[in-house]
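Coordinate inspection notes
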Amino acid sequence: MLEPSIDQLLTKINSKYTLVTLSSRRARQIQDEKIVQIEKPTSATNVGIALEEIYADKLTYISTEYKERR
């Protein structure tokens, strides 16, 4: 079972697409750099660790607005 749950994570990030994109990018970064922002992660996978970081407010993002070209 996924811990933290999707419902808990969506209180931190308002979009499932953003959640997936952010966690996958962070998981790749964890794989490459071996640096984790939380102490004693419970997950064994890099994606799980990234999700734990999001839930612990150690990982955030800045939203940019999409403007249509004319």
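Our subject is the structure that appears above.
About the cut-offs
- Residues numbered from 1 in each chain as written.
- Predicted model: local features only at pLDDT ≥ 70, side-chain atom pairs only at ≥ 80, totals over all residues.
- Heavy atoms only, no water.
- Salt bridge = Lys/Arg side-chain N within 4 Å of Asp/Glu carboxyl O.
- Helix = DSSP H or I, 4+ residues; strand = E, 2+ residues; numbered from the N terminus.
- Buried < 20%, exposed > 50% of the residue type's maximum accessible area, 1.4 Å probe, protein only.
- Core = buried A, V, L, I, M, F, W, Y, C linked by side-chain atoms within 4.5 Å.
- Contact = heavy atoms within 4.5 Å.

**Overview of the pattern of salt bridges**
Evaluated as defined, the whole model comprises two salt bridges. As a salt-bridge pair, Arg26 and Glu53 come within 2.6 Å of each other at their nearest N and O atoms. One end of the pair, Arg26, is in helix α2 (residues 16–33); the other, Glu53, is in helix α3 (residues 46–55), and 27 residues separate them in sequence. There is no split in this pair, since Arg26 and Glu53 are both buried.

**Looking at the nonpolar core**
Ranked by size, the top nonpolar core spans seven residues in total: Leu9, Ile13, Leu19, Leu22, Leu51, Ile54 and Leu59. At the level of secondary structure, the elements contributing two or more residues to this core comprise α2 and α3.

**Observations concerning α3**
The buried count for α3 comes to seven of ten residues, which makes it a mostly enclosed element. Three or more residues of α3 are buried, namely Gly48, Ile49, Ala50, Leu51, Glu52, Glu53 and Ile54. On the buried face of α3, the contacting elements are α1 (6–9) and α2. Where α3 terminates, the next one or two residues include Asp57, which has phi positive at roughly 60°.

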